[in-house]
Amino acid sequence: AAPGSRSATLGNKTKGKPQKQICQVVLDHFEKQYTTELGHTWTSVRDVLTYPLCWQYAILLNKFSQSSELENTLGVKGYHPAFQRPLPYLPALLKCYIRRTPGRFPAQKHQPGKLKEYYLLNASSLLPVLALEVKDGEDVLDLCAAPGGKSIAILQCAYPGQFHCNEYDDLRSRWLKQTIESFIPYPLINLITFSKLDGRQIGNLKPELYDKVLVDAPCSNDRSWLFSSNIQQATLRLMQRKELPSLQFQLLRSAIKALHPGGSLVYSTCTLSRAENSDVINLILNSCSNVMPVDISEMARAVSQEFTFLGGTQQHELLVLPEKGRAWGPMYVAKLKKM
Ligand SMILES: C[S@@+](CC[C@H](N)C(=O)[O-])C[C@H]1O[C@@H](n2cnc3c(N)ncnc32)[C@H](O)[C@@H]1O
């Protein structure tokens, strides 16, 4: 094991691939923080996050490359739709399949000139997209878009007027473009504008331009940080973690500027950390007089069969807690409207 790591509880190798190793410094750090923030709930969340053999993967179908054979196969393998009516917003062509048992459906390789039929993801990643409620013709900005899972989900839901996908990191922005090219056909792909800007600048560069903005912010990605590849990487991540709330706040302020009055934004992260979730949203609500919280509790109620939420959150936010058999999340979602 790498220094500072210890073997994950699973021990053995599968198909000759070494198992992921849990990084002890990250686990210790989370243990302290999340015991304080979540109490005994943290114990069961930790058991899921540190045990990849119980992780589940959802399958988002690509409506631009439909295959009834695939849907039949999924049915035979025990998959069922993750989202069903009544939901405040559920486009008929957004099809996502899940099953209760762990494991991953084989991923499709990128083949130039051929659209992929499905995308594997954490089912909770679709909650920010459902909360955004994009309608045909709306101008949409995906502020932090790579690798593109939520961008392609948005395009399963509606045909935006203009769709601006931004990613600051050069390598990840190439990955984003490749994802989009693998899922979205011509001429629809021509509606998409790609940029590699610092999301904090976009509000000033494109003021009051968008109906909807998704801020799927850079965050401490709890699930992946627990498997940091070595102690140096882990220590650096934990040091830089302190800077994240300020970056997230600035991205949100920029997103608000980019919205036209009446437009709305969804903020999401894949961490349990209160400092990066509710605290950032409360700071925005307390410092921007032109922003109001939007109630998303009806959506949360409608999907509560498949997702476990932290109790006691406010109506404009939710936090998905991974649980055995419903190992989705962590995913924090909050919705705001510009007045
Ligand atoms: C959580 S990931 C986004 C995942 C993506 N929305 C998806 O669903 O596939 C956050 C992304 O924000 C990018 N990022 C970091 N700092 C940024 C900034 N200042 N402006 C824009 N994007 C940034 C990161 O490189 C990372 O790709």
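Residues numbered from 1 in each chain as written. Predicted model: local features only at pLDDT ≥ 70, side-chain atom pairs only at ≥ 80, totals over all residues.

**Q** Help me understand the overall build of the chain, please; the structure alone is not making it clear to me.
**A** The helix and strand inventory of the chain stands at 12 helices and 14 strands. The C-alpha atoms of the chain give a radius of gyration of 19 Å, which matches the 20 Å a tight globule of 339 residues would have. Reported as C-alpha extents along the three principal axes, the dimensions of the chain are approximately 50 × 50 × 40 Å. Of all 339 residues assigned to the chain, the portion counted as buried reaches 42%. In the chain, the share of contacts with a sequence separation of at least 24, taken over all contacts with a separation of at least 6, comes to 71%. (Helix = DSSP H or I, 4+ residues; strand = E, 2+ residues; numbered from the N terminus. Rg over C-alpha atoms; globule rule 2.2 N^0.38 Å. Buried ≥ 20, exposed ≤ 12 C-beta atoms within 10 Å, placed from the backbone. Contact = placed C-beta atoms within 7 Å.)

**Q** What is the right way to look at the site of the ligand in this model?
**A** Inspection of the region around the ligand gives 19 residues, with Cys144, Lys150, Tyr168, Gly199 and Asp216 positioned closest. Listing elements by their share of the shell around the ligand, those giving two or more residues are helix 5 (149–157) and helix 7 (199–205). Residue composition of the shell around the ligand, by class: seven nonpolar, five polar and seven charged. (Near = placed C-beta within 6 Å. Nonpolar A, V, L, I, M, F, W, Y, C, P; charged D, E, K, R; others polar.)

**Q** Whenever I open this one, the packing of helix 10 (residues 244–258) against helix 11 (residues 278–287) confuses me. Can you help?
**A** In helix packing, the relevant descriptors are the interaxial angle and the interaxial distance, both defined with respect to the helix axes. Contact geometry for helix 10 and helix 11: axes closest at 10 Å, N-to-C directions at 45°. Taken together, the axis directions place helix 10 and helix 11 in an arrangement best described as oblique. Like other packed secondary-structure pairs, helix 10 and helix 11 cross with a definite hand, here right-handed. Between helix 10, through Pro245, Gln248, Phe249 and Leu252, and helix 11, the contact on the second element is made entirely by Asp279, Val280, Leu283 and Ile284. Partitioning the contact of helix 10 with helix 11 into residue classes produces six nonpolar, one polar and one charged. (Axes fitted to C-alpha atoms, helices over the stretch in contact; angles between N-to-C directions. Parallel < 35°, antiparallel > 145°, perpendicular 65-115°, else oblique. Left-handed = near helix turned anticlockwise from the far one by under 90°.)

**Q** Before we go on, may I ask you to explain the pairing of strand 13 (residues 317–320) in this structure?
**A** Put simply, side chains in a regular strand alternate between the two faces of the sheet. Judged by which residues are buried, strand 13 turns out to be covered on both faces: Glu317 and Leu319 on one side and Leu318 and Val320 on the other are all buried. Bridge analysis of strand 13 against strand 14 (residues 331–338) gives four bridges, and the strand direction is antiparallel. Bridged to Val320 within strand 14 is Met331. (Pairing = 2+ DSSP bridges.)

**Q** Explanation requested: the sheet that holds strand 4 (residues 80–81) in the structure shown.
**A** Note: strands within a sheet are paired through backbone hydrogen bonds, in either parallel or antiparallel orientation. In spatial order, the strands read 4-5-3-6; together these four strands make up an open sheet with antiparallel pairing. At either end of the open sheet lies a strand with only one pairing partner, and these are strand 4 and strand 6 (118–121). Examined bridge by bridge, strand 3 (residues 58–61) and strand 5 (residues 96–98) share two bridges and lie antiparallel to one another. Considered in strand 5, the bridge of Ile59 is made with Tyr97.

**Q** Before we go on, may I ask you to explain the confidence of the model for the chain in this structure?
**A** Detail in the predicted coordinates should be disregarded across regions flagged by low pLDDT. Overall, the predicted model of the chain reaches an average pLDDT of 94, with 95% of residues at or above 70. Counting interchain partners and residues more than four positions distant, the pLDDT-below-50 stretch residues 1–14 has 35 contacts. (pLDDT = per-residue confidence, 0-100.)

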